[in-house]
Amino acid sequence: MLIIIGFIVVILSVVGGYVLSHGNIAALWQPYEVLIIGGAAFGAFLVANPMKVVKAVLKGIPGTLKGARYKRADYIDILSMVYDVLVKARKEGMIGIEKDIDNPGSSAVFSKYPKLLADHHLMEFTTDCLRLMVSGNMEPHELEQLLEVEVETHHQEAHEPAHALQVLADSLPGFGIVAAVLGIVITMAAIGGEVAEIGHHVAAALVGTFLGILLGYGFVGPLASAMGHRAHEEGKAFEIIKMALVSSLRGYPPTVAVEFARKLLFSDVRPAFADLEAHLRGSR
């Protein structure tokens, strides 16, 4: 919602200021300039990025408009899920959670959290980490180093769409100049015509520059930044799982391991210690 409000403010500020300055709103309607800028930018975007990034951008834009993927309640569920797994492993041994890891869908532990169970990447990361712990052949520092590499890889992949969109935003003012130059070429071809016609061509050329800059800095650039923030926030889910499992492998009880993980969360989504403790007691 905040993104939509921001876009509305941009439009009202730019167009409103133009109209209040006695500008003719019809002069801004230059569909061929939009075709040149938008078509060239999209074509360059396709050239610069592999298909998986293109799909991720197209999928990520609607997701960005919806807001953060994980809310405070979701992080509480993640911490509770990890806590339940660690408690079971502490009671029954690591072998006792082997069936839960192999088939999370039929696990009594994971089935308590259907939203997390439907999150393929998060569940795959969790079960893979637990599988390494079940093997019993890794020291805590070895597991931590391995998980750090995996989390970093996930972060890089999650930020690829935002980076691609930012590159597109940086290129839009340049394509606006391309449209303006072509408009000047048309103007020069009509230099012997009427003054009104020449003025129309010059205005169309300037609108091309205007649109390129506005789209780049007013819309696509901020959207890329918002997508990057969303990807960074989503990475916290993987980080807290990593912290809790590594802490458990170091010998800390489940309550302490989950508390270490809770400390990693940003303040706006971090549950209070008492609230989380009460929730964990309720789940038991």
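Each value, and the rule that gives it
Residues numbered from 1 in each chain as written. Predicted model: local features only at pLDDT ≥ 70, side-chain atom pairs only at ≥ 80, totals over all residues. Heavy atoms only, no water. Phe/Tyr/Trp six-rings, centres within 6.5 Å; stacked < 30°, edge-to-face > 60°. Helix = DSSP H or I, 4+ residues; strand = E, 2+ residues; numbered from the N terminus. Buried < 20%, exposed > 50% of the residue type's maximum accessible area, 1.4 Å probe, protein only. Lys NZ or Arg CZ within 6 Å of the ring centre and 35° of its normal. Core = buried A, V, L, I, M, F, W, Y, C linked by side-chain atoms within 4.5 Å. Contact = heavy atoms within 4.5 Å. Axes fitted to C-alpha atoms, helices over the stretch in contact; angles between N-to-C directions. Parallel < 35°, antiparallel > 145°, perpendicular 65-115°, else oblique. Left-handed = near helix turned anticlockwise from the far one by under 90°. Nonpolar A, V, L, I, M, F, W, Y, C, P; charged D, E, K, R; others polar. Patch = residues over 30% accessible without salt bridge, like charges linked within 9 Å, V, L, I, M, F, W, Y side chains within 5 Å. Areas by Shrake-Rupley, 256 points an atom, 1.4 Å probe, with all protein chains shown as cover. Salt bridge = Lys/Arg side-chain N within 4 Å of Asp/Glu carboxyl O. pLDDT = per-residue confidence, 0-100.

A few points about the packing of aromatic side chains
Consideration 1: Going through the model one piece at a time under the given rule, you end up with five aromatic pairs.
Consideration 2: A ring pair is formed by Phe 125 and Phe 238, whose centres lie 5.3 Å apart and whose planes are at 70°; its orientation type is edge-to-face. Of the two residues, Phe 125 sits in helix 7 (residues 120-135) while Phe 238 sits in helix 9 (residues 195-249), which places them 113 residues apart along the sequence. In terms of burial, Phe 125 and Phe 238 fall into one category: buried.
Consideration 3: Its guanidinium or amino end placed over the ring of Phe 266, Lys 236 lies 4.8 Å from that ring's centre, counting from NZ or CZ.

Considering the nonpolar core
Consideration 1: With 42 residues, the main nonpolar core has Tyr 75, Ile 78, Leu 122, Leu 130, Ile 240, Ile 241 and Leu 245 as its most contacted residues.
Consideration 2: Mapped by element, the contributors of at least two residues to this core are helix 4 (72-92), helix 7, helix 8 (140-189), helix 9, helix 10 (254-262) and helix 11 (273-283).
Consideration 3: Those residues in contact with Tyr 75 that lie beyond four places of it in its chain are Tyr 70, Glu 233, Lys 236, Ala 237, Ile 240, Leu 265 and Val 269.
Consideration 4: Formed by 23 residues, the second largest nonpolar core is a distinct cluster that contains Ile 3, Val 57, Phe 175 and Ala 179.

Re the packing of helix 4 against helix 9
Consideration 1: Look at helix 4 against helix 9: their axes get within 10 Å of each other, and the N-to-C directions meet at 20°. Here helix 4 is positioned roughly parallel relative to helix 9, judged by the angle of their axes. Like other packed secondary-structure pairs, helix 4 and helix 9 cross with a definite hand, here right-handed. Counting all contacts with helix 4, which are made through Tyr 75, Ile 78, Leu 79, Val 82 and Leu 86, the residues of helix 9 involved are Glu 233, Lys 236, Ala 237, Ile 240, Ile 241, Ala 244, Leu 245 and Ser 248.
Consideration 2: Class assignment of the residues belonging to the contact of helix 4 with helix 9 gives a composition of ten nonpolar, one polar and two charged.

Digging into a nonpolar patch on the surface
Consideration 1: Taken together, the side chains of Met 1, Leu 2, Ile 4, Ile 5, Ile 8, Val 9, Leu 12 and Leu 65 present a nonpolar region at the surface, about 800 Å² in accessible area.
Consideration 2: If one sorts the elements of the nonpolar patch by residue count, helix 1 (residues 2-20) sits on top with six residues.
Consideration 3: Counting through the fold element by element, Leu 2 comes out in helix 1.

With respect to the confidence of the model for the protein
Consideration 1: Here the protein averages 88 in pLDDT, while 99% of its residues score no lower than 70.
Consideration 2: Within the protein, the element-level pLDDT minimum falls on helix 11, averaging 78, and the maximum on helix 2 (residues 31-48), averaging 93.

Side note on the environment of Thr 126
Consideration 1: Locating Thr 126 in the fold gives a position in helix 7.
Consideration 2: For the pair Thr 126 and Lys 242, spaced 116 residues apart in the sequence, the C-alpha separation amounts to 8.2 Å.
Consideration 3: Among all residues touching Thr 126, those that are not within four sequence positions of it are Met 81, Phe 110, Ile 241 and Leu 245.

Comments concerning the environment of Lys 242
Consideration 1: Along the chain, Lys 242 falls in helix 9.
Consideration 2: With 19 residues separating them along the chain, Lys 242 and Leu 223 place their C-alpha atoms 29 Å apart.

Description of the environment of Val 109
Consideration 1: Residue placement: Val 109 occurs in the loop between helix 5 (98-102) and helix 6 (114-117).
Consideration 2: Of the residues examined, Val 109 reaches a relative accessible area of 10% and is grouped as buried.
Consideration 3: With 24 residues separating them along the chain, Val 109 and Val 85 place their C-alpha atoms 6.7 Å apart.
Consideration 4: Residues contacting Val 109, with those up to four places away along its chain left out, are Met 81, Asp 84, Val 85, Lys 88 and Asp 100.

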